[in-house]
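# Working through the structure, step by step
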Amino acid sequence: MSQSVLASAAGVAVQAGRRRTFAVISHPDAGKSTMTEALALHARVIGQAGAVHGKGDRRGVVSDWMAMEQQRGISVTSAALQFSYRDTVINLLDTPGHADFSEDTYRVLTAVDSAVMLLDAAKGLEPQTLKLFEVCRQRRIPVITFINKWDRPGHDALALMDEIEQRIGLKPTPLTWPVGIAGQFHGVIDRRTGVFTRMQRSPGGADLAIEEEMSAADAAERYGADWDTASEELDLLEMTGADHDQAAFLAATSTPVLFGAAVANLGVRQLLNILVELAPAPTAQPTVAGTDQPVDGTFSGFVFKIQANMNRAHRDQVAFMRICSGRFERGMVVTHAGTGKPFATKYAQQMFGQARDTIDEAYPGDVVGLVNATALGIGDTLYVGAPVQYPPLPSFPPEHFAVVRTSDTSAFKRFRRGIEQLDGEGVVQVLRSEQRGDQAPVLAAVGPMQFEVATHRLEAEFGVRVQLDHLPYEVAARTDAAGREILKKESNVEVMTRVRDDALLAVFPHRWRMRTIAGRHPDLRLDA
Ligand code: G4P
């Protein structure tokens, strides 16, 4: 290998080592948008908290691509926010926050190296957090837990630790511990150094928190019983061995825990420090060939999200790619692993919401938006040099089904184009049913909100008014051609073809119907 190739590989390894790519997982309303603003504020991406994704008067300078998002005040699209903190480049991947709209979030989690689990101190683990955590567990994504909203009444800190351990089986290892119960937050003790930092909201709360380190003696005098309680709790934690263990954190069996209040920027600096110091940098990625692609290998990446028509000023399709190895340079011609065809990356951008910057280079862990990328689909691998292919992104069994039609025959072409577009982006899964024909495809979704997004976009972007008829099915399982023949003789079941991958899906009204039928036909292939 030539000197210059070796030098550039070393450069890539250093750049990759500086990256922290993560997502915040939480239940709606736990404070994800607020935390995103607070993180960006600490990195000084924006002057005052609120400019990225504010609510109320501070609302959406940058985010909220779709009119629907604005109406509902939720984020249904995803992108990445990049900023530097200390000498680290942080990539925060945005995930949709709605409880019903989860398929997209799951895909974002294929592109991160760690996750921050945000819990509302008064609510603990909520359903959407549990679902997202399950994906992290399956993918062995290390999780940092941030107990948010400590500025107002909530559960007891030790009880929250118990809840995490009992309900999700992760060992909580608090790195900071609050002095003062939820609602009377004075500051945190760093469990590794023993230093107490007093924290106060800045006037108005829109600026960095005011922090002051205090000696134990001064804090004990000032906070009396609250200090004593925190000290006793710390002794208890020590006795139960709840100390940070880096190997266990990286193996996703323990979770460092921090306390704070995103709305007042309390504990946010500590979270950023932990991301820099403990969260993993990008590492070698497993490929379909069974090998691991090292971060300092030649360029490779995969598309984890497709988004069309993100705003009216740019009517285009953007493919979001996570870089896994090598250095990305705008304009470089890469190979599309699926087709072997070249793809020119002339228009590479970095984007968060409607803000776009052209980027010239990027490294493992970074997210690049490829504009005018109609040839790319979700899960596609792009590479330079020796062929690399990453495994397909997981597809989730749909639980909601509806036939979609348009009564406007003159709009049928646009209708078909729109359906194809939504399928390509993974907004919904599109199924073909023999008995309903081409004019009435079936939309399948993990959450019902995906239907709303689909119908809204068909109307807004393709000018087609559609009618949805919900089908009484809730369970889908993969079958094969022989299975389809068997199931034709059964009632309350249908077999449809998923357009994306030609998979045959048998759909049932409920699980016990599926079990009854399966029990009758021992040879029937059904993979739920
Ligand atoms: P999400 O993206 O997870 O859905 O949550 P979001 O940040 O929108 O926060 C949900 C609500 O919780 C917001 O209040 C927000 O201000 C509040 N919140 C977030 N973090 C904290 C915190 O640390 N402490 C307290 N007390 N509240 C917090 P809202 O009433 O819905 O909106 P707003 O009118 O206050 O902006």
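Residues numbered from 1 in each chain as written. Predicted model: local features only at pLDDT ≥ 70, side-chain atom pairs only at ≥ 80, totals over all residues.

Going by the annotation in an unreviewed UniProt entry, the name recorded for the chain is Peptide chain release factor 3, with Actinoplanes aureus given as the source organism. Heading Sequence similarities (unreviewed entry) of the UniProt record for the chain holds this comment: "Belongs to the TRAFAC class translation factor GTPase superfamily. Classic translation factor GTPase family. PrfC subfamily." In its Subcellular location (unreviewed entry) section, the UniProt entry covering the chain states "Cytoplasm". (UniProt positions renumbered as here; feature names shortened; annotations may be inferred.)

## Some thoughts on the confidence of the model for the chain
When pLDDT is averaged across the chain, the result is 87; 87% of the residues are at 70 or more. Segment residues 46-78: pLDDT under 50, and 70 contacts once partners within four positions in sequence are set aside and those in other chains are kept. (pLDDT = per-residue confidence, 0-100. Contact = placed C-beta atoms within 7 Å.)

## Some points on the pairing of strand β14 (residues 300-308)
A regular strand carries its side chains on alternate faces of the sheet. Taking burial as the measure, the nine residues of β14 include eight buried ones, the bulk of the element. Two strands pair when backbone bridges link them, and β14 and strand β15 (residues 317-325) are joined in this way by eight bridges, in the antiparallel orientation. Each residue of the ladder has a partner; that of Ala 308, found in β15, is Gln 317. Pairing of β14 with strand β23 (residues 381-383), which is carried by three bridges, proceeds in the antiparallel orientation. (Buried ≥ 20, exposed ≤ 12 C-beta atoms within 10 Å, placed from the backbone. Helix = DSSP H or I, 4+ residues; strand = E, 2+ residues; numbered from the N terminus. Pairing = 2+ DSSP bridges.)

## Here we look at helix α6 (residues 157-168)
Helix length check: α6, at twelve residues, gives a terminal C-alpha distance of 17 Å against a target of 16 Å (1.5 Å per residue), a fit within 8%. Taken residue by residue, α6 has Ala 157, Leu 160, Met 161 and Ile 164 as its buried positions. Along α6, the residues classed as buried sweep out an arc of 105 degrees about the axis, all on the same side. Counted as exposed and oriented over 90 degrees from the buried face of α6: Ala 159, Gln 166 and Arg 167. (Expected span 1.5 Å × (residues − 1). Arc of directions from axis to C-beta.)

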